[in-house]
Amino acid sequence: MGRIDQAAARARMVAEHLRGRGIGDERVLRAMGEVPRERFVRPEDEGRAYADRALPIGHDQTISQPYVVALMLEALALRPEDRLLEIGAGSGYAVAVAARLCASVLGIERVEPLAVAAARRLEELGVANAVIRAGDGSLGAPDEAPFDAILVSAGAPAVAPALLEQLADGGRYVAPIGRSSWAQELVRYTRDGEEYRRTALGGVAFVPLIGAGGW
Ligand code: SAM
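Residues numbered from 1 in each chain as written. Predicted model: local features only at pLDDT ≥ 70, side-chain atom pairs only at ≥ 80, totals over all residues. Heavy atoms only, no water.

K.L.:
I'd love a proper account of the overall build of the protein chain, names of residues and values included.
P.N.:
Of regular secondary structure, the protein chain possesses six helices and nine strands. A compact globule built from 215 residues should have a C-alpha radius of gyration of about 17 Å, and the protein chain, at 16 Å, falls within 12% of that. In terms of overall dimensions, the protein chain has C-alpha extents of about 55 × 35 × 35 Å along its principal axes. Sorting the 215 residues of the protein chain into buried and exposed places 52% on the buried side. Partitioning the contacts of the protein chain with sequence separation of at least 6, the portion at a separation of at least 24 is 55%. Here the protein chain has roughly 9,600 Å² of accessible surface; of this, 51% comes from carbon and sulfur atoms. In the protein chain, 25 side chains carry a positive charge and 29 a negative one; their mean positions are 4 Å apart. (Helix = DSSP H or I, 4+ residues; strand = E, 2+ residues; numbered from the N terminus. Rg over C-alpha atoms; globule rule 2.2 N^0.38 Å. Buried < 20%, exposed > 50% of the residue type's maximum accessible area, 1.4 Å probe, protein only. Contact = heavy atoms within 4.5 Å. Areas by Shrake-Rupley, 256 points an atom, 1.4 Å probe, with all protein chains shown as cover. Lys, Arg positive; Asp, Glu negative; His and termini not counted. Charge placed at Lys NZ, Arg CZ, Asp CG, Glu CD.)

K.L.:
Before we move on, can you summarise the layout of surface pockets with the specific residues and values?
P.N.:
Volume-wise, the largest pocket comes out at about 530 Å³. Looking at the largest pocket, it is lined by 36 residues, and the ones nearest its centre are Thr62, Gly88, Ser153, Phe206 and Val207. Where the lining of the largest pocket is concerned, the elements lending two or more residues are strand 2 (61–63), helix 3 (66–76), strand 3 (83–87), helix 4 (93–99) and strand 4 (104–109). Class assignment for the residues of the lining of the largest pocket results in 21 nonpolar, 11 polar and four charged. (1 Å grid on protein atoms, 1.4 Å probe; cavity = no way out; pocket = protein on both sides within 12 Å on 5 of 7 lines; lining within 4 Å. Points joined across faces, edges and corners; volume = space filled by probe spheres on them. Nonpolar A, V, L, I, M, F, W, Y, C, P; charged D, E, K, R; others polar.)

K.L.:
Can you tell me about the pairing of strand 6 (residues 147–152), naming the residues and giving the values?
P.N.:
Counting buried residues along strand 6, six of its six residues qualify, which places the element largely inside the surrounding structure. Pairing between strand 3 and strand 6: four bridges, direction parallel. Within strand 6, the position partnered with Ile87 by the bridge is Val152. Relative to strand 7 (residues 167–177), strand 6 is paired through four bridges, and the arrangement is parallel. Residue Ile150 lies in a different strand from strand 7, and its bridge partner there is Tyr173. (Pairing = 2+ DSSP bridges.)

K.L.:
Provide a residue-level description of the site of the ligand, including the pertinent values.
P.N.:
In the vicinity of the ligand lie 28 residues, with Ser91, Glu109, Asp136, Gly137 and Ile210 positioned nearest. In the environment of the ligand, a nitrogen atom lies 3.1 Å from a nitrogen or oxygen atom belonging to the backbone of Gly88. The contact in question runs from an oxygen atom of the ligand to an N or O atom on the side chain of Ser91, over 2.6 Å. Starting from 600 Å² of accessible surface for the ligand in isolation, the protein chains cover 99%. If you map the ligand onto the pockets, it falls in the largest pocket. Elements with a minimum of two residues in the shell around the ligand: strand 2, strand 3, helix 4 and strand 4. Looking at the shell around the ligand element by element, the count peaks at three residues for strand 2. Taken together, the residues that form the shell around the ligand break down as 13 nonpolar, 11 polar and four charged. (Near = heavy atom within 4 Å. Polar contact = N/O pair within 3.5 Å; in protein donor to acceptor, adjacent residues only side chain to side chain. Sits in = over half its atoms within 2 Å of the grid points.)

Structure representation (structure tokens):
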């Protein structure tokens, strides 16, 4: 079997699955076109690293579908000076993409071996502005708050008020929320002083957020 041209597969993913489906933020498209997703999947899945789907990463967890990663990052509207918190860092892929769009990323992952592997990958790829922490991130990281943006990459039954309180004024929070543990609505809350403006972004299917602020 010949070697897979991962760069060509990545470019195709950006053109067909992201731009072709309405992702228009050029910074997000460029970052997704630069991060080698094949480094974040299991060796046996390298050949389908750019498939239009989530893939298993072990421990019953997944690396999210590229389109959904792009949709969430576009909704967060990250600026170069922003600090982002991601809850559910998994493989570290979304952290690596986001690190190209903002000043710093703190990723929290509940499954310790996944957190260790994600941190190692980010180091190998030279991502210097991201840190991975192992533990329950469902109530955020009060010790590092406020954040300009918070991304929850696992499905929660409801918005945890503790997370909204960790947003800076003007900050954006994006999360899959739903009463079913496998199907949710992706929502964004934008903070304006003590008010939060809610936008619905469509249906998604995430693994559950497990912990004090989740299931
Ligand atoms: N963003 C990840 C990526 O790029 O690979 C994919 C995230 S995966 C869909 C969801 C992750 O959330 C899983 O790795 C799971 O272990 C993690 N998770 C679930 N509950 C959590 C919690 N309370 N705190 C931190 N991580 C959690």
